[in-house]
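Notes for the structure review
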Amino acid sequence: RAKEFGRDRIEGYESGMIERAARRRQIEVELAEALAQDAFELHFQPFYALPARRLIGFEALLRWRNPALGMVSPAEFVPISEANGLIVDIGAWVLEEACRQLARWPVHLHVAVNASAVQLRSADFVGQVADALRRHGVEARRLEVELTETAMVEDGRLLSEVLKGLRRLGVRIAMDDFGTGYSSLAHLRDFELDRIKIDRSFIDTDVADLGSRAVIRAVTSLAQDLNILTIGEGVETEEQFQRLVECGCDVGQGYLLGRPMDAAAASRLISLQMFDDDLGAEQREASR
Ligand code: C2E
Ligand code: MG
Ligand code: MG
Ligand code: MG
């Protein structure tokens with residue numbers, strides 16, 4: 001019996017592996033077609049300045065709908081496209097699309113795009129960014145590039161050249177998911193970052209959790225001294241929002257404040273915010 005049981009387990013394990021490998025292969029095949037078939041879409045998740053909750057920009061998040069596979073999460077297909085190099089072309093499309101949207105939106109709003117280390121190491125990333133900005137007539141300061149700490153660990157020298165090039169253009173640089181992975185304070189010193197996104201794992205905790213509060217407070221205060229803006233990601237409750245405000249965090253992002261939405265919905269959100277602003281200005285005028 002024990003032997004049979006063992007064999008079942010091994011077969012179960014192997015068939016799981018085979019299924020995963022098959023899905024991965026299917027994703028690879030379908031991904032290769034996706035760009036040509038126009039199957040990608042950018043969604044936009046709003047950033048709000050704290051404590052006032054003013055809309056200041058959006059993070060562009062890649063969406064892929066495939067007839068056979070349905071919606072596939074970037075958390076699944078981005079690593080696969082990094083492994084086979086497709087991320088370079090996909091990333092170029094993301095940049096182009098983000099700049100196209102930026103050109104349609106008011107100049108006080110910015111858009112952050114996620115970039116993979118593979119993309120940054122590819123030929124002339126800085127030139128690609130400069131071209132996209134120029135083609136759409138967008139000011140460089142309205143574009144941000146989000147990188148993960150993992151990207152910063154690999155190939156630090158080359159990366160530091162790329163980041164210098166981006167900074168010369170005027171593009172802002174954000175460290176994504178800060179506090180997970182290979183957190184190193186040396187990155188903060190060496191890479192002259194403009195923004196730190198404090199990882200969701202510190203934000204979406206019980207607010208009674210003093211450990212997370214201490215981390216948020218320490219990061220915001222360190223960032224302030226380094227002249228870096230802090231963004232709290234993954235804010236899901238009012239309490240978590242209040243904690244970020246109390247800890248002196250500059251910007252909030254998360255389902256409480258706004259989910260990722262398509263470009264049309266983002267444009268409507270912008271109009272609403274501008275309408276509110278006008279109304280506020282009129283009321284201030286009237287009460288004088
Ligand atoms: P990320 O850059 O850290 O993006 C944040 C992720 O958290 C997004 O998932 C977003 O939808 C989700 N999120 C936002 N607020 C909340 C919240 O309050 N609660 C929870 N539970 N989740 C929240 P998404 O869109 O599935 O993206 C996953 C990851 O895929 C991103 O993590 C990023 O690393 C990568 N990714 C997405 N778009 C791109 C892209 O255009 N290029 C590259 N290279 N990577 C991308
Ligand atoms: Mg990001
Ligand atoms: Mg993040
Ligand atoms: Mg993440």
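Just above sits the structure.
Residues numbered from 1 in each chain as written. Chains lettered and ligands numbered in written order. Predicted model: local features only at pLDDT ≥ 70, side-chain atom pairs only at ≥ 80, totals over all residues. Heavy atoms only, no water.

Focus on the packing of aromatic side chains
- Inspection of every chain in the model, using the stated rule, returns 7 aromatic pairs.
- With a centroid separation of 5.0 Å and 40 degrees between ring planes, the pair formed by Phe58 and Trp105 is classed as tilted. In this pair, Phe58 sits in strand β2 (residues 54-66) while Trp105 sits in the loop between α3 (87-104) and β4 (110-114), placing the two residues 47 residues apart along the sequence. Trp105 carries the same exposure label as Phe58, and that label is buried.
- Grouping aromatic residues by their ring pairs yields a cluster made of Phe40, Trp64, Phe77 and Trp93.
- Against the face of Phe241 rests Arg53, its NZ or CZ located 4.1 Å from the ring centre.
- Over the ring of Tyr255 we find Arg259, and its NZ or CZ is 3.9 Å from the ring centre. (Phe/Tyr/Trp six-rings, centres within 6.5 Å; stacked < 30°, edge-to-face > 60°. Helix = DSSP H or I, 4+ residues; strand = E, 2+ residues; numbered from the N terminus. Buried < 20%, exposed > 50% of the residue type's maximum accessible area, 1.4 Å probe, protein only. Lys NZ or Arg CZ within 6 Å of the ring centre and 35° of its normal.)

Points about the site of ligand 1
- Taken together, 22 residues surround ligand 1, and among them Arg63, Asn114, Asp176, Glu236 and Tyr255 come closest.
- Contact between ligand 1 and Glu59: an oxygen atom at 3.0 Å from a side-chain N or O atom of the residue.
- Cavity membership is defined here by more than half of the atoms lying within 2 Å of grid points; on that basis ligand 1 lies in the largest pocket.
- Counting only elements with at least two residues in the shell around ligand 1, the list comes to β2, α2 (74-83) and β6 (172-178).
- Among the elements that make up the shell around ligand 1, the one with the highest residue count is β2 (4 residues).
- Residues that form the shell around ligand 1 fall into these classes: 9 nonpolar, 6 polar and 7 charged. (Near = heavy atom within 4 Å. Polar contact = N/O pair within 3.5 Å; in protein donor to acceptor, adjacent residues only side chain to side chain. 1 Å grid on protein atoms, 1.4 Å probe; cavity = no way out; pocket = protein on both sides within 12 Å on 5 of 7 lines; lining within 4 Å. Sits in = over half its atoms within 2 Å of the grid points. Nonpolar A, V, L, I, M, F, W, Y, C, P; charged D, E, K, R; others polar.)

Focus: empty space enclosed by the protein
- Going through the model one piece at a time under the given rule, you end up with 1 cavity of 30 Å³ or more.
- In this structure, the largest cavity spans a volume of roughly 40 Å³.
- Lining the largest cavity, in full, are Ala117, Leu120, Arg121, Ala151, Glu154, Asp155, Leu158, Leu159 and Val162.
- Contributing elements (two or more residues each) for the lining of the largest cavity: α4 (117-121) and α7 (156-169). (Points joined across faces, edges and corners; volume = space filled by probe spheres on them.)

Here's the deal with α2
- Taken as a whole, α2 has its buried residues at Phe77, Ile80 and Ser81. Viewed end-on, α2 has its buried residues packed into an arc of 95 degrees, placing them on one side of the element. In α2, the exposed positions that point more than 90 degrees away from the buried face belong to Ala75 and Ala83.
- The N-cap residue of α2 is Ser73: its side-chain oxygen and the backbone nitrogen of Ala75 are 2.9 Å apart.
- With its phi angle positive at about 90 degrees, Gly85 sits one or two positions after the end of α2. (Arc of directions from axis to C-beta.)

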